[in-house]
Amino acid sequence: MDFYLLTFLLITIIGLVISYIYFMRDKREKLLAITKGICPKCHKPTVNMVDHRGGGCSGAKMVTFECRECKYIDTFHIDGSSYNNGRCM
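Read on for a plain summary of the structure. (Residues numbered from 1 in each chain as written. Predicted model: local features only at pLDDT ≥ 70, side-chain atom pairs only at ≥ 80, totals over all residues. Heavy atoms only, no water.)

## Here we look at the overall build of the protein
Here's step 1: Scanning the protein for helices and strands turns up two helices and three strands.
Here's step 2: Tracing the protein from N to C terminus, the helices and strands come up as α-β-β-β-α.
Here's step 3: Pairs at least 24 apart in sequence give 26% of the contacts found in the protein among residues at least 6 apart. (Helix = DSSP H or I, 4+ residues; strand = E, 2+ residues; numbered from the N terminus. Contact = heavy atoms within 4.5 Å.)

This is how it looks when you write it as structure tokens:
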């Protein structure tokens, strides 16, 4: 019985890790499209930053983008140093 429980837990953990990897890969592709100014949903250059909140010079920034055409909204947590090119603003 312990073997089946261990097998079930192992399969569940592997599934969760794989799901998280795919989620982060999808999120990264969306952010790359947004940094080029293109909406990841409708593929038009109509995406704007509508909100940004920071954690100081060294903390992560929470940035929200919105598309005017298709009403796409997504929030990203970006490292503060890479977002400001290493400068404290």
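## A short note on the pattern of salt bridges
Here's step 1: Following the criterion strictly, the structure yields four salt bridges and no others.
Here's step 2: The closest approach of N and O atoms between K27 and D74, which form a salt bridge, is 2.7 Å. Here D74 lies in strand β3 (residues 73-79) and K27 lies in helix α1 (residues 2-35), a separation of 47 residues in the sequence.
Here's step 3: Look at D74 and you get buried, because its relative accessible area is 13%. (Salt bridge = Lys/Arg side-chain N within 4 Å of Asp/Glu carboxyl O. Buried < 20%, exposed > 50% of the residue type's maximum accessible area, 1.4 Å probe, protein only.)

## Some details on the nonpolar core
Here's step 1: I34, C39, V47, V63, F65, C67, Y72, F76 and I78 together form the largest nonpolar core, which totals nine residues.
Here's step 2: Going through the elements one at a time, β2 (60-67) and β3 are the ones with two or more residues in this core.
Here's step 3: In terms of residues, this core owes the most to one element, β2, which gives three residues. (Core = buried A, V, L, I, M, F, W, Y, C linked by side-chain atoms within 4.5 Å.)

## Structural notes on the layout of surface pockets
Here's step 1: Taken as a whole, the largest pocket spans an internal volume of roughly 160 Å³.
Here's step 2: For the largest pocket, the full set of lining residues is F23, M24, K27, R28, L31, T75, F76 and H77.
Here's step 3: Secondary-structure elements contributing two or more residues to the lining of the largest pocket are α1 and β3.
Here's step 4: Ranked by the residues each element gives to the lining of the largest pocket, the list is headed by α1, at five residues.
Here's step 5: Of the residues assigned to the lining of the largest pocket, the class counts are four nonpolar, two polar and two charged. (1 Å grid on protein atoms, 1.4 Å probe; cavity = no way out; pocket = protein on both sides within 12 Å on 5 of 7 lines; lining within 4 Å. Points joined across faces, edges and corners; volume = space filled by probe spheres on them. Nonpolar A, V, L, I, M, F, W, Y, C, P; charged D, E, K, R; others polar.)

## Here we look at the packing of aromatic side chains
Aromatic ring pairs are reported here in terms of the distance separating the ring centres and the angle at which the planes meet.
Here's step 1: Under the counting rule described, the total for this entry stands at two aromatic pairs.
Here's step 2: Here F3 and Y4 contribute two aromatic rings whose centre-to-centre distance is 5.8 Å and whose plane-to-plane angle is 65°, an arrangement assigned as edge-to-face. The same class applies to F3 and to Y4, which are both exposed.
Here's step 3: In this structure, K27 is placed above the aromatic ring of F76, and the distance from its NZ or CZ to the ring centre is 4.7 Å. (Phe/Tyr/Trp six-rings, centres within 6.5 Å; stacked < 30°, edge-to-face > 60°. Lys NZ or Arg CZ within 6 Å of the ring centre and 35° of its normal.)

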